[in-house]
Amino acid sequence: ANAVPVGEFAAAMILLALKRVWGLGRDYMATRKFACTHPDVPGACGSVVGLVSLGHIGRLVRERLRALDVQVIAYDPHLPRAAFDRLGVEP
């Protein structure tokens, strides 16, 4: 019952991590100034995201990441190579 919200939350946290939101937040708290132009914020496009397990939640996260143009690599010892290929994930 909780797989969909957990998958959505995980995908959202991955996107926020790619945007380095927490580091920018720490910088703001320290200086009380917004970094309007921050050269170290690459975003999602072209990034590599690693997933551990491609069970139900991992597959939901993978689907949500599809729209972000990221390369997804994953570890799942229980999944055959053909399943990785079907999901568009590099083992």
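This text goes with the structure placed above it.
Of regular secondary structure, the protein possesses 4 helices and 2 strands. Secondary structure of the protein in N-to-C order comes out as α-α-β-α-β-α. The C-alpha atoms of the protein give a radius of gyration of 16 Å, which is well past the 12 Å a tight globule of 91 residues would have. Counting only C-alpha atoms, the protein reaches 50 × 30 × 20 Å along its principal axes. Residues classed as buried in the protein amount to 27% of the 91 residues present. In the protein, the share of contacts with a sequence separation of at least 24, taken over all contacts with a separation of at least 6, comes to 45%. Measuring between centres, the 11 positive side-chain charges of the protein sit 5 Å from its 8 negative side-chain charges.

As a further point, take the side chain of aspartate 76. Here aspartate 76 lies in the loop between strand E2 (71-75) and helix H4 (81-87). No salt bridge forms around the buried aspartate 76; measuring N to O, its nearest opposite-charge neighbour arginine 59 is 6.2 Å away. Within the structure, aspartate 76 has its side chain in polar contact with the backbone nitrogen of leucine 54 (distance 2.8 Å). Only 3.0 Å separates the side chain of aspartate 76 from the backbone nitrogen of histidine 78, close enough to count as a polar contact. Apart from the residues within four sequence positions on either side, aspartate 76 is in contact with Ser53, Leu54, Gly55 and Phe84.

Analysis parameters
Residue numbers restart at each chain and count upward from 1, following the sequence in its written direction. Per-residue local features are limited, in this predicted model, to residues with pLDDT of at least 70; the limit for side-chain atom pairs, both in listing and counting, is 80 or more; totals at the level of whole chains, interfaces and linings are taken over all residues. With hydrogens and water excluded, all non-hydrogen atoms of the structure serve as input to the side-chain values. The helix and strand labels rest on DSSP assignments: H or I over at least four residues marks a helix, E over at least two residues marks a strand, and numbering proceeds from the N terminus. With C-alpha atoms as the basis for the radius of gyration, the globule rule is written as 2.2 Å multiplied by the number of residues raised to the power 0.38. The buried label applies to any residue whose accessible area, calculated with a 1.4 Å probe on protein chains only, is under 20% of its type's maximum; exposed applies above 50%, and partly exposed to all values in between. Between two residues, a contact is recorded if the distance between any of their heavy atoms is within 4.5 Å. Counted as positive: Lys and Arg. Counted as negative: Asp and Glu, with His and the chain ends omitted from the count. To locate a charge, take atom NZ for lysine, CZ for arginine, CG for aspartate or CD for glutamate. Each salt bridge in this description consists of a side-chain nitrogen of Lys or Arg and a carboxyl oxygen of Asp or Glu lying within 4 Å of one another. Any pair of nitrogen or oxygen atoms within 3.5 Å is treated as a polar contact; in protein, a donor-acceptor pairing is required on top of that, and neighbouring residues in sequence qualify only through side-chain atoms on both sides.

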